[in-house]
Structure formats: C-alpha cells, structure tokens
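The lines below spell out each chain.
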Amino acid sequence: LLILAGVQGQLLCAMIVAGITLFYPLLRGAGWIPVDTVYEVAQSFSQERADSLKFRLDNEDDLLERAAEKPVAGWGSWGRNQIYDPYTGRQTSVTDGAWIIVIGIFGWVGYIPHFGLLTAPLFLLGISRRKLGLSLESSGLAMVLAINLIDLIPNGTLTPLTYLVAGALAGRYAMAAAQIPDRATAPAATTRPVQPGLTGWPQPAGLAVRTPRGRVAPGVAGTPDPAGTAIRATDSRRTRQPRQRPE
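Rules used throughout
- Residues numbered from 1 in each chain as written.
- Predicted model: local features only at pLDDT ≥ 70, side-chain atom pairs only at ≥ 80, totals over all residues.
- Heavy atoms only, no water.
- Helix = DSSP H or I, 4+ residues; strand = E, 2+ residues; numbered from the N terminus.
- Buried < 20%, exposed > 50% of the residue type's maximum accessible area, 1.4 Å probe, protein only.
- Contact = heavy atoms within 4.5 Å.
- Areas by Shrake-Rupley, 256 points an atom, 1.4 Å probe, with all protein chains shown as cover.
- Polar contact = N/O pair within 3.5 Å; in protein donor to acceptor, adjacent residues only side chain to side chain.
- Salt bridge = Lys/Arg side-chain N within 4 Å of Asp/Glu carboxyl O.
- Patch = residues over 30% accessible without salt bridge, like charges linked within 9 Å, V, L, I, M, F, W, Y side chains within 5 Å.
- Axes fitted to C-alpha atoms, helices over the stretch in contact; angles between N-to-C directions.
- Parallel < 35°, antiparallel > 145°, perpendicular 65-115°, else oblique.
- Left-handed = near helix turned anticlockwise from the far one by under 90°.
- Nonpolar A, V, L, I, M, F, W, Y, C, P; charged D, E, K, R; others polar.
- 1 Å grid on protein atoms, 1.4 Å probe; cavity = no way out; pocket = protein on both sides within 12 Å on 5 of 7 lines; lining within 4 Å.
- Points joined across faces, edges and corners; volume = space filled by probe spheres on them.

Peer 1: Just to check I follow, could you spell out the overall build of the protein chain for this structure?
Peer 2: The helix and strand tally for the protein chain stands at eight helices and two strands. Buried residues in the protein chain amount to 32% of all 247 residues. Across the protein chain, every contact between residues at least 6 apart in sequence was considered, and the portion connecting residues at least 24 apart equals 61%. If you sum the accessible surface of the protein chain, you get close to 16,500 Å²; carbon and sulfur atoms cover 60% of it.

Peer 1: Before we go on, may I ask you to explain the side chain of T162 in this structure?
Peer 2: With respect to the secondary-structure elements, T162 resides in helix α8 (residues 160-178). Take T162: its relative accessible area is 1%, and that puts it in the buried class. Of note is the side chain of T162, whose polar atom sits 2.5 Å from the side chain of N148. Ignoring sequence-local partners within four residues, the contact set of T162 consists of L118, L145, N148 and T157.

Peer 1: Any chance you could explain the pattern of salt bridges here in plain terms?
Peer 2: Pairing is possible between side chains of opposite charge, provided their charged atoms come close. If you walk through the whole model with that rule in mind, you get five salt bridges. Of the charged contacts in the structure, one is a salt bridge between R56 and D96, with a shortest N-O distance of 3.6 Å. Taken together, the positions of R56 in helix α4 (residues 47-67) and D96 in the loop between α4 and α5 (98-127) put the pair 40 residues apart, joining distant regions of the chain. Taken together, the salt bridges that share partners define one network made up of R28, E60 and D61.

Peer 1: Can you help me understand a nonpolar patch on the surface in this one?
Peer 2: On the surface, a nonpolar cluster with roughly 230 Å² of combined accessible area is contributed by L12, I16 and I20. Note on placement: I16 falls in helix α1 (residues 2-22). Judged by relative accessible area, I16 falls into the partly exposed class, the value being 48%.

Peer 1: Is there a simple way to think about the packing of α5 against helix α7 (residues 136-151) in this case?
Peer 2: Helices that pack against each other are described as a pair by the angle of their axes relative to one another and the distance between those axes. The geometry of α5 relative to α7 is characterised by a closest axis approach of 11 Å and an angle of 140 degrees between their N-to-C directions. As summarised for this structure, α5 and α7 are arranged oblique, according to the angle between their axes. α5 and α7 meet at a crossing whose hand is left-handed. Contact residues: α5 offers L118, T119 and L122, while α7 offers A142, L145, A146 and L149. Its residues assigned to classes, the contact of α5 with α7 shows six nonpolar, one polar and no charged.

Peer 1: Explain empty space enclosed by the protein here, please?
Peer 2: Rolled over the atoms, a probe sized like a water molecule indicates the empty space that remains. The tally for this structure, following the rule as stated, stands at one cavity of 30 Å³ or more. Quantified by volume, the largest cavity comes out at close to 40 Å³. The wall of the largest cavity is formed by L63, R66, A67, W75, N81, T95, I100 and G104. The set of elements that each furnish at least two residues to the lining of the largest cavity consists of α4 and α5. Top contributing element to the lining of the largest cavity by residue count: α4, with three residues.

Peer 1: Sorry, what's going on with the environment of V144 here?
Peer 2: Within the secondary structure, V144 is located in helix α7. Overall, the relative accessible area of 47% leaves V144 in the partly exposed class. Sequence-wise, V144 and A166 are 22 residues apart; in three dimensions their C-alpha atoms are separated by 9.8 Å.

Peer 1: Explain the packing of helix α3 (residues 35-45) against α4 here, please?
Peer 2: Their axes nearest at 7 Å, the elements α3 and α4 cross at an angle of 160 degrees. Overall, the two elements α3 and α4 adopt an arrangement that is roughly antiparallel. α4 is crossed by α3, and the crossing has right-handed handedness. Contacts between α3 and α4 pair V35, V38, Y39, A42 and Q43 from the former with Q47, A50, D51, L53, K54 and L57 from the latter.

Peer 1: Just to check I follow, could you spell out unusual backbone geometry for this structure?
Peer 2: Trans peptide bonds make up most of the peptide bonds, and negative phi angles are found at most residues other than glycine. In the Ramachandran plot, W78 falls in the positive-phi region, its phi being about 65 degrees despite a non-glycine side chain. With respect to the secondary-structure elements, W78 resides in the loop between α4 and α5. When its relative accessible area of 80% is taken as the criterion, W78 is described as exposed.

The following block contains the structure:
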C-alpha cells in the first residue's frame, strides 16, 4: 500500500510516524496509545510473544512514572532512572525501548534534541512534499527512517546508521529547497510601451517599433531590431504602393 501511495503519500506517512515518535512519552502517559489492543493482537499470533510484550509494557509504565518525578532534566546516569527494591536494593526494572532510556536519564531536555534530530528531516520533507519534486528513492529512504523510529519504541536499537539516514535526508531537503525559485526575487515580466495609433497589444522586448518617418518610437530607443522583425506604423491615409518588377 505504501508503494502505491506514491512519493507524497510515503512522505506524509513518514511525517506522521515522526510526530508519534517525538511525542510518544506524552501520548503514552495520557493513555492515547492503545497498548491493550496491541497486546490482544499479539496474543492472536503467539502467546509467548504476547507475554514478552506485556512484560515490556508493564516495565515502561513503571519507568515512566519514575521519569515523571524529574521530567525536565531526568535522573542522570549511574542507573538512577531504574527502580530498585526498597529492602534488598536489587534492580527490579528492565529498560528495553530507546525512548524510555533517554527520557529517564536526560528528561525532556535531552529527549527533544535527541529524537528531534532524527525526526526533523521527516517533518521538513513532509511539510514541503508538494513543491520539492522528490523521487521514490528519497521517499523510500524516508520510510526506512520511519520504520527505524518505530523500532526504537520497543527496542534500543539506535545505531550510527540511523543518524546517517537522517543526515542524508536532511541534505536531500536542503538541496531540493535550494532549487525552488524565490518568488520575491524572481524577475517580473516587463512590457514595452505601445506606439499610439497601433493596436493595443503589448510590445514584446526585442522588437523595435518605428514611425512612418523611420524614427524609433519613444521608450524603445536603442532596442535591437533583428532582421525581419521591425514593425513600421503606417498612416491610414496612405496607400501601399505596389512593387514594380525589374525589367
């Protein structure tokens, strides 16, 4: 379906995925992510996979509550974002998703720049998708990055290849945006003044208008007159003399 959607459809889909990924902690905390529905769908395929997903979701709920205690700058490193047993001191939480790791350690101060760097090219390409004139190669690479962002929600598979793809898309947007002509600086179309007595058609640039005495009309002096393009104004009272055949 994404292949049939075309370039603009793929860029729009990638931009939607980028928006969900960037604001996923807010959506998850507000209960707008249907985790129960996802769990029921996973049960229809495999109970073992569904139990593994349920374990991750439960840990993310606990870790999200822990991150909400220090939402701005997070808990920092050295495992302070984890949950520990108050009696034994053993760690009871497991972090899998990259998003919960980043927001737990760095808070929103670190989450927005971290994931904003990955999602900004998709936002730029999606917003300007109608005027950039991109090819399927560019939109396909955007979908690769979007799929990688989806994988960062349950897993922590953040590799340098992800940053490489994001940087390539940012460069593609900059190159395509530089080729769009600026309407403010585009030269406006000019017309030549019309010689009184002639028709009211605008005079194109490059054509000289001459009066019956052979003088150039005012306003177009010095205009180059290519051979065969000179227009002479004739008086309606004069008649055209027939040419005489040489003997």
